[in-house]
Amino acid sequence: MQDEPRAPEIIGVVRTFLQERIAPCLEGREAFDLRVAVRALELVERELAIAPRAHHEEAQRLEKLLGASGSLGELNRRLIEFIATDADPLGNAALMRHLWKTTADKLAVDQPRYAAFVASQAHIESLIAQEARTEREER
Amino acid sequence: MRRRAQGKRVQTEGMDLSDEARVIAIVREAGVPAPEVEYVLSTEDGLGDGFIMHRIEGETIPARILREPRFGSARQVMARQCGEILARIHRVKIEALPPLGAFDADSEVDRLTRSVETGANPRPVFVLALRWLRQNRPVEEGRRVLTHGDFRMGNLMIGEEGIRAVLDWELARIGDPMSDLAWLCVPSWRFGRIDQPVGGVGVREDLFVAYEAASGKRVDRAAVRFWEVVGALRWGLICESNLAALRNEQPISVERAVIARRSSETEIDLLRYMAGLE
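The structure presented is a predicted model; accordingly, all values stated were derived computationally and were not measured.

A. Local environment of the overall build of chain A. If you tally the helices and strands in chain A, you get six helices and zero strands. Taken from N to C terminus, the helices and strands of chain A fall in the order α-α-α-α-α-α. For 139 residues, the compact-globule estimate of 2.2 N^0.38 gives 14 Å, and the C-alpha radius of gyration of chain A, at 20 Å, exceeds that figure by more than 25%. In chain A, which comprises 139 residues, the proportion classed as buried is 35%. Contacts in chain A between residues far apart in sequence, at least 24 positions, make up 46% of those at least 6 positions apart. Accessible area for chain A stands at about 8,600 Å²; split by element, carbon and sulfur atoms hold 53% of it. Separation between the mean location of the 19 positive side-chain charges and that of the 24 negative ones in chain A comes to 3 Å.

B. View of the overall build of chain B. When you go through chain B residue by residue, the secondary structure sums to ten helices and seven strands. Relative to the 2.2 N^0.38 estimate, which gives 19 Å for 278 residues, the radius of gyration of chain B is 19 Å and therefore close to what a compact globule would have. Overall, the C-alpha framework of chain B stretches about 50 × 50 × 40 Å when taken along its three principal axes. The 278 residues of chain B split such that 52% are buried. Contacts in chain B between residues far apart in sequence, at least 24 positions, make up 73% of those at least 6 positions apart. Carbon and sulfur atoms form 48% of the exposed surface of chain B, whose accessible area is close to 12,600 Å². Where the 40 positive side-chain charges of chain B centre and where its 42 negative ones centre are 3 Å apart.

C. Summary view of the pattern of salt bridges. In total, this model carries 33 salt bridges over all chains according to the counting rule given. As a salt-bridge pair, A:Glu9 and A:Arg6 come within 3.8 Å of each other at their nearest N and O atoms. A salt bridge links B:Arg221 to B:Glu212; the nearest nitrogen and oxygen atoms lie 2.8 Å apart. Among the residues examined, B:Glu212 registers a relative accessible area of 21% and is labelled partly exposed. Several salt bridges converge on common partners, so that one network encompasses B:Glu59, B:Arg64, B:Glu68, B:Arg70 and B:Glu160.

D. Structural context of the packing of helix H6 (residues 178-185) of chain B against helix H8 (residues 221-248) of chain B. All names here are of chain B. Where H6 contacts H8, the axes come no closer than 8 Å and their chain directions differ by 55°. With respect to each other, H6 and H8 are oriented oblique. Where H6 crosses over H8, the handedness of that crossing is right-handed. From H6, Met-178, Ser-179, Leu-181, Ala-182, Trp-183 and Cys-185 reach across to H8, where they touch Ala-223, Val-224, Trp-227, Glu-228, Gly-231, Arg-234 and Trp-235.

E. How the structure looks around the packing of aromatic side chains. Residue and element names in this part refer to chain B. Enumeration over the complete set of coordinates arrives at four aromatic pairs over all chains. Seen in terms of ring centroids, Trp-183 and Trp-189 are 5.0 Å apart; in terms of plane orientation they differ by 75°. Their pairing is edge-to-face. Among the aromatic residues, those joined into a ring-pair cluster are Phe-103, Phe-226 and Trp-227.

F. How the structure looks around the pairing of strand E5 (residues 156-159) of chain B. All names here are of chain B. In E5, alternate side chains face the same way, and those of Leu-156 and Ile-158 on one face and Met-157 and Gly-159 on the other are all buried. Note that E5 and strand E6 (residues 162-166) share four bridges and pair antiparallel. Residue pairing across strands places Leu-156 opposite Val-166, the latter belonging to E6. As consecutive antiparallel partners, E5 and E6 are separated by two residues.

G. A look at the interface of chain A and chain B. On the side of chain B, 28 residues touch chain A, which itself brings 34 residues to the contact. Counting the surface lost from both chain A and chain B, the interface buries some 2,800 Å², and carbon and sulfur atoms represent 70% of this. Taken as a group, A:Leu90, A:Trp100 and A:Tyr114 account for 21% of the area that chain A buries against chain B, more than any other trio of residues on that side. The interface formed by chain A and chain B contains four salt bridges.

H. Structural context of helix H2 (residues 28-66) of chain A. Maximal helix bending in H2(A) amounts to about 45°, located at A:Ile50; proline A:Pro52 follows within four positions. Trailing H2(A) by a residue or two, A:Gly67 shows a phi angle of about 60°, which is positive.

I. Main features of the confidence of the model for chain A. Confidence along chain A averages 95 in pLDDT terms, with 100% of residues attaining 70 or more. Across chain A, the secondary-structure element scoring lowest on mean pLDDT is helix H6 (residues 121-138) of chain A, at 90, and the one scoring highest is helix H4 (residues 93-110) of chain A, at 97.

J. Quick peek at the nonpolar core. All names here are of chain B. In terms of nonpolar packing, the biggest core is built from 96 residues, with Leu-133, Phe-151, Trp-169, Leu-233 and Leu-270 touching the most fellow members. Top element by residues in this core is H8. It accounts for nine residues. Once you skip the residues sitting within four places of it in the chain, Trp-169 turns out to touch Met-15, Glu-20, Val-23, Ile-24, Val-27, Val-32, Ala-34, Ile-89 and His-148.

What counts as what
Residues numbered from 1 in each chain as written. Chains lettered and ligands numbered in written order. Predicted model: local features only at pLDDT ≥ 70, side-chain atom pairs only at ≥ 80, totals over all residues. Heavy atoms only, no water. Helix = DSSP H or I, 4+ residues; strand = E, 2+ residues; numbered from the N terminus. Rg over C-alpha atoms; globule rule 2.2 N^0.38 Å. Buried < 20%, exposed > 50% of the residue type's maximum accessible area, 1.4 Å probe, protein only. Contact = heavy atoms within 4.5 Å. Areas by Shrake-Rupley, 256 points an atom, 1.4 Å probe, with all protein chains shown as cover. Lys, Arg positive; Asp, Glu negative; His and termini not counted. Charge placed at Lys NZ, Arg CZ, Asp CG, Glu CD. Salt bridge = Lys/Arg side-chain N within 4 Å of Asp/Glu carboxyl O. Axes fitted to C-alpha atoms, helices over the stretch in contact; angles between N-to-C directions. Parallel < 35°, antiparallel > 145°, perpendicular 65-115°, else oblique. Left-handed = near helix turned anticlockwise from the far one by under 90°. Phe/Tyr/Trp six-rings, centres within 6.5 Å; stacked < 30°, edge-to-face > 60°. Pairing = 2+ DSSP bridges. Buried area = accessible area lost by both parts, 1.4 Å probe. Bend = angle between axes of the 7 residues up to and from the residue. pLDDT = per-residue confidence, 0-100. Core = buried A, V, L, I, M, F, W, Y, C linked by side-chain atoms within 4.5 Å.

Put into structure tokens, the structure is as follows:
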């Protein structure tokens with residue numbers, strides 16, 4: 001087990017240092033690149049917070065969808081094969097729900113303020129509700 | 001001035017700069033606003049491939065065009081002007097043009113398929129989008145016309161009164177005119193204004209109606225939709241190509257390194273198209 005402080009705490013300190021001490025000393029291209037760098041660190045902070053849970057859930061969904069197990073990379077390669085060869089992947093509600101949820105988790109890390117992501121929240125929530133209904137019916 | 005260093009091709013997709021200069025001269029004659037080419041570099045100049053254009057004042061940075069109050073009236077007319085300008089581009093006689101690449105729906109989907117297959121990340125959404133494209137390819141074969149190939153915010157120079165010039169002609173090709181209308185409406189150029197599909201400044205119908213009035217040709221809405229999905233996928237793959245740059249070229253700017261993470265934006269855009277939300 002790694003000692004504390006944890007990685008997100010270290011990144012937070014570095015990000016604050018860049019924002020508060022370095023940014024005021026820069027202008028032009030360097031000031032722009034620093035803002036981009038700070039946003040990149042924020043992305044890493046979100047990934048550390050979200051990805052472990054998101055990856056676990058993604059793997060669970062894939063195992064159920066494909067009836068197979070393996071690493072996340074292997075499962076995704078199988079999923080691609082399924083999408084490429086299945087008769088009607090676009091009509092497969094469980095597949096679409098999986099893709100929406102996986103993509104939503106990616107966006108929550110990569111670009112949580114992306115307008116199309118924000119505008120899709122209601123649709124994503126309705127898919128999650130639909131899945132909960134399906135699961136209840138299965139039991 | 002637009003120039004490539006001698007013996008060095010920066011872009012592999014585009015045409016020779018001397019050909020681009022000829023295309024610009026021809027579209028200008030057809031009434032398309034584009035910078036006048038003053039001089040094409042020759043071998044004796046020793047500066048490589050290139051040409052010098054007449055300087056036009058204006059703004060190309062989308063964030064400024066979309067937000068600054070001084071472009072308020074320009075924003076009102078841009079969607080319509082885009083329709084009129086595209087109609088003029090698509091009317092150019094192709095016999096007069098230098099030899100250009102050609103494309104159609106099938107060749108474009110094949111090209112994207114190869115690109116998805118060789119991509120660095122497994123992308124189920126991209127593979128599904130390819131299935132959607134094969135199921136939704138335009139019923140009628142599109143006309144074969146000169147297309148700009150990269151007609152979008154960023155390549156339009158804007159003044160307070162509206163569009164002053166269409167820039168960057170190196171991706172011009174012969175193919176379906178609907179692809180140009182569609183590329184302009186791809187979500188990636190809306191900069192947050194997703195309810196304004198035409199580059200963040202207007203709605204599709206304004207663009208289509210102006211195009212139909214200026215060209216006398218009907219806009220095939222379903223074909224535009226097909227080409228928008230092609231466009232979103234194309235942009236997603238372009239974003240992802242920055243990953244290869246990150247791993248192969250050192251150093252790379254922070255900006256380019258993180259652009260690879262913007263492919264996921266196009267994934268949600270593609271899901272929205274396939275769910276009928278776009």
